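# Architecture and fold: a report
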Amino acid sequence: TPRTARDCDVVVIGAGPAGLMAARTLTRHGLSVTVLEARDRVGGRTWNGLVQGADGREHFIEIGGQWISPDQTRLTALVEELGLPTFQRYREGASVYLSPDGTRHVYDGEMPVSETTQAEMDRLIAELDALAAEVGATAPWDHPRAAELDAVPFRTWLTSLSEDQEAIDNVSIYVASGMLTKPSTTFSLLQAVLMAASAGSFSNLVDEDFILDARVEGGMQSVSRAMAAELGEDVVLGQPVRTLHWAEPDAATADALNEVAADVRDGVPQDGGPGDVLAVTEDYEVRARYAVLAVPPNLYSRISYVPPLPRRQMVAHQHLSMGLVIKVHAVYETPFWREEGLSGTCFGGGRLVQELYDNTNRGANDAGGEPGVEDTCGTMVGFVSDVHAERIWELPAERRREEILEAMAEYLGPRAKEPVAFFLSDMAAEEWTRGAYATSYDLGGLSRWGHLQNRPVGPIHFACSDIAAEGYQHVDGAVRMGEAAALAIVDQERRG
Ligand code: FDA
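Keep in mind it's a predicted model, so treat the numbers as computed, not measured.

Near the ligand, the surroundings consist of 36 residues, among which A18, E37, R45, W67 and S465 are the closest. The separation between an oxygen atom of the ligand and a polar side-chain atom of R45 is 2.7 Å. At a separation of 3.1 Å, an oxygen atom of the ligand approaches a polar backbone atom of Q66. Starting from 1,000 Å² of accessible surface for the ligand in isolation, the protein chains cover 98%. Elements that contribute at least two residues to the shell around the ligand include exactly α1 (17-28) and α18 (475-495).

As structure tokens, then:
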């Protein structure tokens, strides 16, 4: 059967928060859009899920991104505009810390480490705060020391400054297993500094009450669902873009493109001017004057470009890869830890489950519920990162569950071993994501290719949380990038 042809001003590839925000912004400026999404749902790495419980109920979980921190102002404003209520993570009571020898400490305030370890942690955090303030998040590749900071693995840098293993593990977790979800030996100090700067400071990353502050009632995917509802039939699901023709190969069109472009390199206009774009899926052919590529950078190469992208993009795109983390969901009859005066917040640098938080739902969601009312069941969320995740995926499902619940019980006691529902987010097995939480450069990549990541190629603009400055690797960054790509196109149209 022939493909359905559509014509519009801008074709948006990917209906995650970045793509949908781009489409929303474009339509508000009077441009027509078609959003092509590979999956049969919108939201990308944000995903409201239901898990069947042993109690006969379906329980609501957030399989992907969920938390908003106070610095994430663009997302916060959008959530408000869409009329979605938010609520704060439960945080009353004491936290639990497992020290490297497995000793369990219940504490309020500062982590119960020795005075010398605390002093070492404070020193390392201060060093990182200073670097983050100096380098910033907008263009870390432009810093005079970029290449130098990008040549040192984060772990090597930490061990060059301190001999305190516990301090190093505890500081490393905030960027390595906790954020980029890669071992701290595999990415650079510059990449770590970008992560810190994008959240305002390294101290913000360390402060779980800041970084894991608020959630959307009904789940973060509701943000994408609400934007998609506004766009209606302009969002087409189940249509992976396989081929993107992005400029007529004839000389006249190329010359015309080059004429409107302020900056031409390799014969390819670099300012995102209009062109002739054709996005091809199994059932659709969408012709437009611009494309917004709103997919994670590790998936750029799943699309065939005609003509191929310029050489430097083809090189750069090979150096961005997804991290790996398993988000663990365990639902209990009640939030039993609260009865014991615990907040549910637990840390153990280097352990199988390195962090745990109370993730009890509030409000109306896909499993039911009332606005503003907390669920009676208690939900725990935990994280198994990088090399631990690799190992645990190799185990049979029953063994995997046992090991994880055992690790959670070390923090919360034996009741943790009896959830009514249990689920592991497996974004690495999702064809249209292939990891979690996000992509980052390999050692040295950020300083070599970072400057290219947000530059349009001809009529193709890029938008994703993984190439954001503020809100980097977060939904806020996705929203910012989607809006920025759309406004760049709107600007081109005004000028053209
Ligand atoms: P995203 O990946 O969300 O969307 C891209 C879309 O493009 C997808 O829908 C995909 O199917 C589609 N696509 C890909 N290739 C295509 C093709 N060829 N054709 C058509 N469509 C294609 N963030 C946060 O702020 N707070 C948090 O708590 C967390 N926690 C978290 C946990 C887990 C487990 C994950 C996986 C992620 C998070 N995140 C997070 C990160 C957050 O979810 C992420 O930054 C945003 O969803 C990124 O939005 P984008 O739109 O940039 O990409």
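Still more to cover.
Take the pairing of strand β21 (residues 355-358) next. Residues in a regular strand point their side chains to alternate faces of the sheet. Here β21 shows two buried faces, one formed by E355 and Y357 and the other by L356 and D358. One ladder, built from 2 bridges, connects strand β20 (residues 342-347) with β21; its direction is antiparallel. Residue pairing for β21: F347 is matched across the bridge by E355. In this sheet, strand β22 (residues 378-385) lies alongside β21 in antiparallel orientation, the contact comprising 4 bridges. Opposite D358, over in β22, you have M380 as the bridge partner.

Attention shifts here to the sheet that holds strand β11 (residues 243-245). Pairing in this open sheet of 5 strands is mixed, and the strands run β1-β15-β14-β11-β17 from one edge to the other. Of all the strands in the sheet, the pair left with one neighbour each is β1 (4-7) and β17 (304-306). Sheet twist, expressed as the average angle between the axes of neighbouring strands with direction ignored, equals 15 degrees.

Count 3.6 residues to each turn of an α-helix, and residues three or four apart come out pointing the same way. Buried residues dominate helix α6 (residues 165-172), accounting for 6 of its 8 residues. Buried within α6 are the following residues: E166, A167, I168, N170, V171 and S172. Those residues of α6 that are buried lie in contact with β7 (94-98), α3 (115-135), α5 (154-161), α7 (176-180) and α9 (202-206).

Turning our eyes to something else, we now look at helix α16 (residues 397-412). With 16 residues, α16 should cover 22 Å at 1.5 Å per step; its first-to-last C-alpha distance of 22 Å lies within 8% of that length. Turning to α16, its buried residues are R400, E403, I404, L405, A407, M408, A409, Y411 and L412. Looking one or two residues past α16, G413 carries a phi angle of roughly 90 degrees, positive in sign.

Further remarks concern the packing of aromatic side chains. Summed over all chains, the structure comprises 11 aromatic pairs. Ring plane angle 80 degrees and centroid distance 5.1 Å describe the contact between Y332 and F336, whose orientation is recorded as edge-to-face. Of the two residues, Y332 and F336, both sit in the buried class. Measuring from ring centre to ring centre gives 6.0 Å for F383 and Y437, while their planes differ by 70 degrees; the resulting arrangement is edge-to-face. Placement of the pair is F383 in strand β22 and Y437 in the loop between β23 (421-425) and β24 (439-441), with a sequence separation of 54 residues. Given the relative accessible area of 27%, Y437 is considered partly exposed. Taken together, the ring pairs connect W67, F347, Y357, F383 and Y437 into an aromatic cluster. Above the face of the W47 ring, R41 is positioned so that its terminal group lies 4.1 Å from the ring centre.

In this structure, the amide linkage connecting V306 to the following residue, P307, adopts the cis form with an omega of -5 degrees. Along the chain, P307 turns up in the loop between β17 and α13 (311-316). For T181, which is not glycine, the phi dihedral falls at a positive 50 degrees. Counting through the fold element by element, T181 comes out in the loop between α7 and α8 (189-198). Positive phi, close to 75 degrees, is recorded for R434, a residue that is not glycine. Its place among the elements puts R434 in the loop between β23 and β24. We classify R434 as partly exposed; its relative accessible area is 39%.

As a further point, take the sheet that holds strand β25 (residues 460-462). Read from one edge to the other, the open sheet built from 5 strands follows the order β10-β3-β2-β16-β25, with strand pairing classed as parallel. Across the chains shown, the open sheet's two edge strands, defined by having one partner strand only, are β10 (235-236) and β25. Strand direction decides the pairing type here: strand β2 (residues 10-13) and strand β3 (residues 33-36), joined by 4 bridges, are parallel. Paired with V10 across the two strands is V33, which belongs to β3.

This part takes up the packing of α5 against α6. Contact pair α5 / α6: the axes reach a minimum separation of 10 Å and the direction vectors enclose 145 degrees. Once α5 is placed against α6, the crossing between them reads as right-handed. Contacts from F154, R155, L158 and T159 in α5 reach Q165, I168, D169, V171 and S172 in α6. Its residues assigned to classes, the contact of α5 with α6 shows 4 nonpolar, 3 polar and 2 charged.

The full count for this structure, using the stated rule, is 36 salt bridges. Measuring nitrogen to oxygen at the nearest pair gives 3.1 Å for the salt bridge that ties R302 to E431. With R302 in the loop between β16 (290-293) and β17 and E431 in the loop between β23 and β24, this residue pair connects regions lying 129 residues apart in the sequence. Of the residues examined, E431 reaches a relative accessible area of 38% and is grouped as partly exposed. Among the ionic contacts, a cluster of salt bridges with common partners joins R24, R28, E81 and E230.

This part covers the side chain of Q66. Tracing the chain through its elements places Q66 in the loop between β5 (58-62) and α2 (73-81). Among the polar contacts made by the side chain of Q66, one reaches the side chain of K327 at a distance of 2.9 Å. Here N359 takes part through its side chain, which lies 2.7 Å from a polar atom of the side chain of Q66. With residues up to four places along the chain from it excluded, the contact list for Q66 reads A214, R215, M220, K327 and N359.

Rules and cut-offs
- Residues numbered from 1 in each chain as written.
- Predicted model: local features only at pLDDT ≥ 70, side-chain atom pairs only at ≥ 80, totals over all residues.
- Heavy atoms only, no water.
- Near = heavy atom within 4 Å.
- Polar contact = N/O pair within 3.5 Å; in protein donor to acceptor, adjacent residues only side chain to side chain.
- Areas by Shrake-Rupley, 256 points an atom, 1.4 Å probe, with all protein chains shown as cover.
- Helix = DSSP H or I, 4+ residues; strand = E, 2+ residues; numbered from the N terminus.
- Buried < 20%, exposed > 50% of the residue type's maximum accessible area, 1.4 Å probe, protein only.
- Pairing = 2+ DSSP bridges.
- Axes fitted to C-alpha atoms, helices over the stretch in contact; angles between N-to-C directions.
- Contact = heavy atoms within 4.5 Å.
- Expected span 1.5 Å × (residues − 1).
- Phe/Tyr/Trp six-rings, centres within 6.5 Å; stacked < 30°, edge-to-face > 60°.
- Lys NZ or Arg CZ within 6 Å of the ring centre and 35° of its normal.
- Left-handed = near helix turned anticlockwise from the far one by under 90°.
- Nonpolar A, V, L, I, M, F, W, Y, C, P; charged D, E, K, R; others polar.
- Salt bridge = Lys/Arg side-chain N within 4 Å of Asp/Glu carboxyl O.

Functional significance is not addressed by these values, which are geometric in nature.
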